[in-house]
Structure formats: structure tokens, C-alpha cells
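# Architecture and fold: a report
The chain contents come next:
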Amino acid sequence: MCFCLLMKTLEQFFLKNYPVVFVLMMVALLASCESPTRGCLDIEATNLDVSADKPCKDECCTYPDLICNVSQEFDGVSYTQDKVYPDDFGDSFRIKNVAFYLSGFQLSKGGIDYRITDSVTMKVFGANPGDTLDEKFIDDYVLVRRFPVAQEVGKFKTSGVFDQFRCYLGLEPESNKIVPRYAPLSHPLLKQMDSLWLNRDDKFVWMQIVLSKDKNPDTTPDTLRFTAADFGGVPFQISSNTALEHITGFDFNFILRVDYKKMFSGIDFANTGSAVWKSKILANLSTTFGVTQ
């Protein structure tokens with residue numbers, strides 16, 4: 001009772017003698033009673049809200065994407081589909097189009113590997129015909145064509161400078177068992193219109209190149225399909241020790257350079273056949289790709 005009387009007296013005193021101070025005190029008191037502002041307080045998120053004073057639920061935070069910007073070139077000049085290019089034997093050939101799968105993206109720093117955080121459950125072929133099983137995969141599959149240039153690989157939270165980059169041209173053995181007709185809508189492994197899926201035995205086409213052996217526009221093009229069997233069952237690893245930096249709170253962009261002059265180096269299109277072409281292309285993969293930022 002005495003405390004309440006004391007507070008009442010102090011209120012009257014300040015209101016009478018220091019009205020401005022009293023008003024400011026009341027405003028501060030009311031402000032302290034307001035509901036806290038919720039927002040994303042994760043420093044790794046792209047929508048960090050520094051004005052928030054209470055963290056929101058995890059789903060309100062948006063995290064950076066690892067973005068692969070594919071630069072397709074011929075001897076340093078941007079590659080154009082259905083264009084005539086010179087070979088190493090004084091003749092010309094025409095590249096109609098190229099498509100290939102990338103997967104298994106990894107970045108390393110300090111000896112620790114980091115991968116995409118996205119996952120997807122896919123149906124894979126079982127042991128018996130007609131059987132399918134559910135299996136969970138890291139969802140970092142990319143199908144490279146001429147367009148789009150920028151490919152979102154998936155969510156990548158870790159920031160810093162990475163000293164090694166790796167990814168696969170092709171699909172790892174378990175991924176190659178995925179049943180394409182059950183893949184999510186618009187997923188890269190969904191069945192494509194240009195036969196990048198063959199059958200249960202041969203499975204996915206990891207890389208497909210359509211070209212004509214000369215510059216004559218009427219020449220029937222050859223379609224070179226590279227499956228797991230052509231790669232010996234093991235996807236080709238693209239790697240680089242170039243330093244790549246991911247700035248906290250921003251998408252992580254890097255450039256994958258593909259030089260088709262190097263891919264087709266040493267191929268005599270006029271005097272050899274598709275089996276020789278495929279063998280040469282596989283041998284040239286180690287010099288075809290480069291990674292920069």
C-alpha cells in the first residue's frame with residue numbers, strides 16, 4: 001500500500017514539475033512493452049534483418065544458391081549453335097548442339113568438403129524388372145545446354161575462400177539408377193525430349209553432341225551419345241585448385257568454362273568415323289573444362 005502511494009506521489013511530482021521528462025519516460029515505457037519484431041537473424045542468409053530483435057522460424061530465412069555460370073566457347077570466342085568451325089586438318093565441321101549432365105558439386109577449404117544442402121527423394125530401379133525403391137539424394141543435378149547460362153545448383157550456406165572445386169561430368173552410379181519418369185516436374189533428370197534417357201539397361205546419356213563432319217548444311221548430322229559405359233561406369237571429375245570466394249549472405253557464383261576447340265582437338269572428321277571421334281573427345285576432356293570466378 002505504501003509502495004503504491006509512493007509511486008502515485010512520484011507520478012504527480014514529475015507531471016507537475018517535469019512534464020516533458022514524464023512524457024518521455026512514458027513513451028519509453030510503452031515502447032518497451034511492444035511486441036518484438038521477428039525477422040531472419042542468421043548471418044548466412046540473404047535476407048538478414050538487422051532491425052529484428054527476435055528470430056523468426058527457420059523457414060523465413062532465404063539462403064544463398066551456388067550458381068554455375070557456364071561459358072561455352074570455341075577458342076575463347078562464345079560458341080554458337082549450328083555454326084561451322086575449323087578442325088585441325090584444314091577442313092571444317094558444324095556443331096549443331098551439345099548437352100551434358102553435371103552433378104556431385106563439392107568445394108573444399110582447410111581439408112573439409114562442403115556440398116549443397118538440398119535433397120530430393122527419387123525412385124530408383126530395384127533388382128527385379130518393374131521394382132522401384134525410394135532413395136534420397138543430394139539435389140545438385142544440372143543439365144547444361146546452350147541456354148540458360150546461369151544454372152542454380154542448390155543452396156550453399158558456408159562462406160569463405162575455398163581452395164578446391166570438384167564436380168562430375170555425368171552421374172554417380174546410384175544416381176544413374178534413377179527412374180526419370182518419376183522425377184519432379186522441371187527436374188534435370190526428368191525424361192527429356194531429345195533422348196537423354198535410353199532404357200533401363202543403358203540408362204542416362206551423360207553427354208550428347210550433335211555435329212556434321214563438314215560445313216555442308218545438307219549433310220546428315222551424327223549424334224554422339226556418351227553413357228556410363230563409354231566412361232567406364234565412372235563419371236569424369238572436373239576439378240580446379242583456383243581460389244573461389246563466397247561472401248557471407250550472397251549467392252555463390254562461379255564460371256565453368258567449356259572450350260569446344262579443345263574438346264574436338266586432333267579429330268579428323270573427314271577421314272574417320274564416330275567411334276574415333278568419341279574416343280578422342282573422351283581423351284580431351286581433361287583440357288576442355290576450366291573453373292574461374
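Residues numbered from 1 in each chain as written. Predicted model: local features only at pLDDT ≥ 70, side-chain atom pairs only at ≥ 80, totals over all residues. Heavy atoms only, no water.

Turning next to the layout of surface pockets. Approximately 230 Å³ is the volume attributed to the largest pocket. Residue lining of the largest pocket: 14 residues in total, with Y141, L143, Q151, S186 and P188 positioned closest to the centre. Going through the elements one at a time, strand 10 (142-144) and strand 11 (150-155) are the ones with two or more residues in the lining of the largest pocket. Element by element, the count of residues in the lining of the largest pocket is highest for strand 11, at three residues. (1 Å grid on protein atoms, 1.4 Å probe; cavity = no way out; pocket = protein on both sides within 12 Å on 5 of 7 lines; lining within 4 Å. Points joined across faces, edges and corners; volume = space filled by probe spheres on them. Helix = DSSP H or I, 4+ residues; strand = E, 2+ residues; numbered from the N terminus.)

This part covers empty space enclosed by the protein. Counted under the stated rule, the structure contains one cavity of 30 Å³ or more. A volume near 40 Å³ is recorded for the largest cavity. Grouping the amino acids of the lining of the largest cavity by side-chain chemistry returns four nonpolar, one polar and three charged. (Nonpolar A, V, L, I, M, F, W, Y, C, P; charged D, E, K, R; others polar.)

This part is about the packing of aromatic side chains. Overall, the coordinates contain 22 aromatic pairs when judged by the stated rule. Geometrically, the ring pair formed by F74 and Y85 is stacked, given 4.3 Å between the ring centres and 25 degrees between the ring planes. Within this pair, whereas F74 is found in strand 3 (residues 65-74), its partner Y85 is found in strand 5 (residues 83-86), the two being separated by 11 residues in sequence. On the basis of relative accessible area, F74 is assigned to the buried category, the value being 7%. (Phe/Tyr/Trp six-rings, centres within 6.5 Å; stacked < 30°, edge-to-face > 60°. Buried < 20%, exposed > 50% of the residue type's maximum accessible area, 1.4 Å probe, protein only.)

The values reported here are purely geometric and, on their own, carry no functional implication.
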